[in-house]
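The primary structure of each chain is shown beneath.
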Number of protein chains: 2
Amino acid sequence: MTTLAVDCMGGDHGPRVTLAACRHFLEHERDAQLLLVGQPQAFAGWKHPRAVVVEASEVVAMDDPVEIALRRKKDSSMRVAIQLVKDGRAHAAVSAGNTGALMALSRYLLKTVEGIDRPAIAYPLPNAKGGATTVLDLGANVDCTEQHLLQFAVLGSALVSALKHVDAPSVGLLNIGEEAIKGSEMIKRAGELLRSAANSGDLNFHGNVEGNDIYKGTTDIVVCDGFVGNVLLKTSEGLATMIGGFLKEEFSRNPVTKLAAAIAYPVLRAFKSRVDYRRYNGAALLGLRGLVFKSHGSADALAFERALARAYDAARNNLLERVQARIAHARPLLAAGEQDARAANAVA
Amino acid sequence: MTTLAVDCMGGDHGPRVTLAACRHFLEHERDAQLLLVGQPQAFAGWKHPRAVVVEASEVVAMDDPVEIALRRKKDSSMRVAIQLVKDGRAHAAVSAGNTGALMALSRYLLKTVEGIDRPAIAYPLPNAKGGATTVLDLGANVDCTEQHLLQFAVLGSALVSALKHVDAPSVGLLNIGEEAIKGSEMIKRAGELLRSAANSGDLNFHGNVEGNDIYKGTTDIVVCDGFVGNVLLKTSEGLATMIGGFLKEEFSRNPVTKLAAAIAYPVLRAFKSRVDYRRYNGAALLGLRGLVFKSHGSADALAFERALARAYDAARNNLLERVQARIAHARPLLAAGEQDARAANAVA
């Protein structure tokens, strides 16, 4: 039996969406058990033999500053869900709430794994090969050093090996050209460090990749600092929305184009489902001493269920142990980052 | 009469594409004159009353290192085209060649405007409002300071005011959240500097924007460092290619979907033309004491003509004088960047 702690209050839609997703998820996963965390009134009339309600009196709002989530709302559904992981009562926590708060609470309650300075957010983006490219960091860390990028590479490799059953997933370093001499000073140093890791057998380092390689699917994993990652994610969302909008506008321009749309409907629906971001929902917060998954805040039930499924797969495939094993192996290379990590954990 | 110097040898396709574009451009722009630069055999049989061939014996290859373009091929078509601008014989130069070489040669021959440390590449990206968002820098500068971002904002404002006839185009600072407290340390300092510039009337600063705002069209201009800009451009290209590929695949899956495609053809064509990158071809190299425009290397005749048209519009609308006037006005704020610029010009 694998148990997930679900922050049922998080996200733009709250329990209406999260609980619908939970019911559907339980119907499909017969070995799953859920701890549903939230305010009691949210669960009125809700019952399932493999679901247990855990009450929490507060809710972290989507726009709450990190400090409020961390210092004030000590009985929030988000915090209680993470605490259940820390206490060993759940294998992973899932929330669609405020990313900053989720990261801060996870880090504060769970601490980072030894050798990891900062946790990272890893997100699967669809690629032209029909799979997904795992990109990290997507927004947790804005000022990164080359040591952090190496840590992201090790963490991402553990995630992909757990979820995709690939032993040595390939890692690309996001850069502005394929040649090793390209990029900022930090990126060049990161390239050297990743090459050393490849030489010592800790990573399957492909080399530099460019932005288009993410969607081509050139490598399983792409590492970048959180600023760049956040920009590329939001830019992609913006572009996909614009393209979708243009397509819709053209097909609804006049009665003739509307007729064409009706005829092409099955094709357009198949196309839409292929680019549906909901299929790729569920970002992993990596580098913590416990599993936490983040759903998009605007997720509907289908998308939130996808995030539950990813957390469930990660827990069943021992993601945490894999992360720890990989980090232990890469220890000599990660050594420089370790002191920072201890200091950061002590401060948090 | 406005004169453009055209590097006819540059780009993936060379004279076949550039000369076809030149002919079409001359037919449409009755006040334009072209200086066609290249190896003599490229122009065999080519004649137009408003075109003059300027011979250059060498060609900068698409993969030539900057040093080769700068120190070895001293009679390259690219270099000669830029020299024509420096000598006052052309109002602007246009090339589809190697970006790094074009930037290095432009900087070496033309030098930067006083107050500008580094030239930037400004690129128009389509937005949902039906216009274009001008993004800079797109790859020329990888390690930027807040002073550089301010310079980009001033340069971008001059470009958009010249090409779109908007007096005070709005500027967004690309960040990972709208709040002023977000982002890396450099970005926060850049935000402060841009706010000061807005207060002193030098910029119409909107505030922070996120990646999706580029395609929403929230501001006329978005500034970012060249690393982030290059990543977002390449990521966008990759995503658009993937989405286009998926759409094509779905419509060619079987005879029924192919029939649907035939019926929907006019709509799909209209859609394709709206997202056609060729309509947005022509990046401006800004901050130099002369106008240089860069076409995409893979440009076809339609796309290259678009780059010619942008260079032509910029020249006719006195982009250079506008840049200088704006920079003179923003002088006190830019002062800190000036010393670096002098040093850089002296070295180049």
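Look a little higher up for the structure.
Only a predicted model underlies this, so the values are computations on that prediction, with no experimental measurement involved.

Criteria and cut-off values
Residues numbered from 1 in each chain as written. Chains lettered and ligands numbered in written order. Predicted model: local features only at pLDDT ≥ 70, side-chain atom pairs only at ≥ 80, totals over all residues. Heavy atoms only, no water. Helix = DSSP H or I, 4+ residues; strand = E, 2+ residues; numbered from the N terminus. Rg over C-alpha atoms; globule rule 2.2 N^0.38 Å. Buried < 20%, exposed > 50% of the residue type's maximum accessible area, 1.4 Å probe, protein only. Contact = heavy atoms within 4.5 Å. Areas by Shrake-Rupley, 256 points an atom, 1.4 Å probe, with all protein chains shown as cover. Lys, Arg positive; Asp, Glu negative; His and termini not counted. Charge placed at Lys NZ, Arg CZ, Asp CG, Glu CD. Least-squares fit on C-alpha atoms with pLDDT ≥ 70 in both. Buried area = accessible area lost by both parts, 1.4 Å probe. Salt bridge = Lys/Arg side-chain N within 4 Å of Asp/Glu carboxyl O. Polar contact = N/O pair within 3.5 Å; in protein donor to acceptor, adjacent residues only side chain to side chain. Nonpolar A, V, L, I, M, F, W, Y, C, P; charged D, E, K, R; others polar.

1. Focus on the overall build of chain A
Helix and strand counts for chain A come out as twelve helices and eleven strands. Its C-alpha atoms give chain A a radius of gyration of 21 Å, within 12% of the compact-globule value 20 Å for 348 residues. Along the first, second and third principal axes, the C-alpha atoms of chain A reach 55 × 55 × 35 Å. When each of the 348 residues of chain A is scored for burial, the buried share is 60%. The contacts of chain A with a sequence gap of at least 6 include a subset with a gap of at least 24, amounting to 69%. Summed over its atoms, the accessible surface of chain A is roughly 13,700 Å², and 51% of this surface lies on carbon and sulfur atoms. Averaging the positions of the 40 positive and the 37 negative side-chain charges in chain A gives two centres separated by 4 Å.

2. Some thoughts on the relation of the copies chain A and chain B
If you rotate chain A by 180° and push it 0.0 Å along the axis, it lands on chain B with an RMSD of 0.0 Å. Each copy turns onto its partner about a two-fold axis. Comparing interface residues between copies, 100% of those in chain A also sit at the interface in chain B, which points to an isologous, same-surface contact.

3. Re the interface of chain A and chain B
Contacts between the two partners involve 46 residues from chain A and, on the opposite side, 46 residues from chain B. With both sides pooled, the region where chain A packs onto chain B buries about 4,400 Å², and carbon together with sulfur makes up 78% of that total. Inspection of the region where chain A meets chain B yields two salt bridges. Applying the counting criterion to the chain A and chain B interface returns six residue pairs in polar contact (both at pLDDT 80 or more). Of the residues in the side of chain A that touches chain B, the class split is 27 nonpolar, eleven polar and eight charged.

4. Digging into the environment of Arg195(A)
Residues and elements named next belong to chain A. In this structure, Arg-195 sits in helix H6 (residues 185–199). Note on Arg-195: relative accessible area 34%, which makes it partly exposed. The spatial distance from the C-alpha of Arg-195 to the C-alpha of Phe-205 is 6.6 Å, given a sequence separation of ten residues.

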